[in-house]
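# Remarks on the overall topology
If you want the building blocks of each chain, they are given just below.
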Amino acid sequence: MNEKIDVILAAQSAADGLTRTLASVLIQANVSFAVTVVAPEEIAPPFAAENVRLLRAQGDSLALWRAGLEASAGERALLLRAGDALFDAYSLWRLLNAQRENPRAAAVYGAARCFEPDGREARGVDLRAVPCGVLARREALLTALARAKTPFASAASLFAAA
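Residues numbered from 1 in each chain as written. Predicted model: local features only at pLDDT ≥ 70, side-chain atom pairs only at ≥ 80, totals over all residues. Heavy atoms only, no water.

## A short note on the overall build of the chain
When you go through the chain residue by residue, the secondary structure sums to five helices and six strands. If you list the helices and strands of the chain from N to C, you get β-α-β-β-α-β-α-β-β-α-α. Per-residue burial over the chain gives 44% buried out of 162 residues. A total accessible area of about 8300 Å² is found for the chain, and carbon and sulfur atoms account for 54% of it. (Helix = DSSP H or I, 4+ residues; strand = E, 2+ residues; numbered from the N terminus. Buried < 20%, exposed > 50% of the residue type's maximum accessible area, 1.4 Å probe, protein only. Areas by Shrake-Rupley, 256 points an atom, 1.4 Å probe, with all protein chains shown as cover.)

Right, dumping it as structure tokens:
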């Protein structure tokens, strides 16, 4: 079983908080991961890392995530948008363990915090409407994203029965 997690990061532009998101991913401990930054334009990552690659694609977040997933090979993937941040250095590890403990689960998710572009924490955000931060089996995500109509589909609706 491939335990590596493919982190697919949709970035409409480098100004969207790419530095915060990459920093929160690159500090992850006790888990193997690779990051694919998918953007409609050529962007330079804010820092070099051997497990980060860039991919160009056009469209909204859903289209960027689809392109990243189609280019990935791992069994599991985590979808993020530029500007999102994982909670701490063990976020991926906890999500992976939750999925190991629930092997029939197509997806698992944890707590989330949302930030404004200026770095202030966003207040009053309905976290049920945030599809990112969900660790899921790659094939389940591809199927769910194919059915999704909007990049703001709720996380729960991505995995609702067809």
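This is not the end of the story, as more comes after the structure.
## Notes on the pairing of strand S4 (residues 76-81)
Counted residue by residue, S4 has six buried out of six residues, so it is predominantly covered. Sheet analysis places strand S1 (residues 5-10) next to S4, joined by six bridges and oriented parallel. For Leu-9, the partnering residue across the bridge sits in S4 and is Leu-80. (Pairing = 2+ DSSP bridges.)

## Looking at the environment of Ala-144
With respect to the secondary-structure elements, Ala-144 resides in helix H4 (residues 138-147). Sequence separation between Ala-144 and Arg-66 is 78 residues; the distance between their C-alpha atoms is 10.0 Å.

## Examining the packing of aromatic side chains
Across all of its chains, the model carries one aromatic pair by this definition. Centre to centre, the rings of Tyr-90 and Trp-93 are 6.3 Å apart; their planes meet at 80°, and the pair counts as edge-to-face. You can call Tyr-90 partly exposed: its relative accessible area is 38%. Note on Trp-93: relative accessible area 33%, which makes it partly exposed. (Phe/Tyr/Trp six-rings, centres within 6.5 Å; stacked < 30°, edge-to-face > 60°.)

## A word on the pattern of salt bridges
Using the criterion set out here, one finds five salt bridges in the structure. The partner of Glu-3 in a salt bridge is Arg-100, and the shortest N-O contact between them spans 2.6 Å. In this pair, Glu-3 sits in the segment before S1 while Arg-100 sits in helix H3 (residues 91-101), placing the two residues 97 residues apart along the sequence. Close ionic contact of Arg-137 with Glu-75 constitutes a salt bridge, the shortest N to O distance being 2.7 Å. Pair noted here: Arg-137 is in strand S6 (residues 134-137) and Glu-75 is in the loop between helix H2 (61-71) and S4, with a separation of 62 residues, a long-range link. (Salt bridge = Lys/Arg side-chain N within 4 Å of Asp/Glu carboxyl O.)

## Some thoughts on the nonpolar core
Across soluble globular proteins, nonpolar side chains show a tendency to be buried alongside one another. Core analysis: the biggest nonpolar cluster contains 23 residues, and Ile-5, Val-7, Val-37 and Leu-78 have the highest contact counts within it. At the level of secondary structure, the elements contributing two or more residues to this core comprise S1, helix H1 (18-26), strand S2 (33-39), S4 and H3. If one sorts the elements of this core by residue count, S2 sits on top with four residues. Excluding anything up to four places from it in sequence, Val-37 contacts Leu-9, Ala-11, Leu-18, Leu-22, Ile-43, Val-52, Arg-53, Leu-54 and Leu-55. Counting residues in hydrophobic clusters, the runner-up holds 17 residues, among them Ile-8, Leu-69, Ala-136 and Leu-145. (Core = buried A, V, L, I, M, F, W, Y, C linked by side-chain atoms within 4.5 Å. Contact = heavy atoms within 4.5 Å.)

## Section: the pairing of S1
Of all six residues that make up S1, six are buried, and the element is covered over most of its length. Burial of S1 is two-sided: the residues Ile-5, Val-7 and Leu-9 facing one way and the residues Asp-6, Ile-8 and Ala-10 facing the other way are all buried. Alignment of S1 against S2, held across six bridges, turns out to be parallel. Bridged to Leu-9 within S2 is Val-37. With H1 bridging S1 and its parallel neighbour S2, the resulting β-α-β unit is right-handed. (Right-handed = clockwise from strand over helix to strand, strands pointing away.)

## Description of the side chain of Ser-24
Structurally, the position occupied by Ser-24 is in helix H1. Among the residues examined, Ser-24 registers a relative accessible area of 8% and is labelled buried. In this structure the side chain of Ser-24 is engaged in a polar contact, spanning 2.9 Å, whose partner is the backbone nitrogen of Leu-86. Apart from residues lying up to four places away in sequence, Ser-24 is in contact with Asp-84, Ala-85 and Leu-86. (Polar contact = N/O pair within 3.5 Å; in protein donor to acceptor, adjacent residues only side chain to side chain.)

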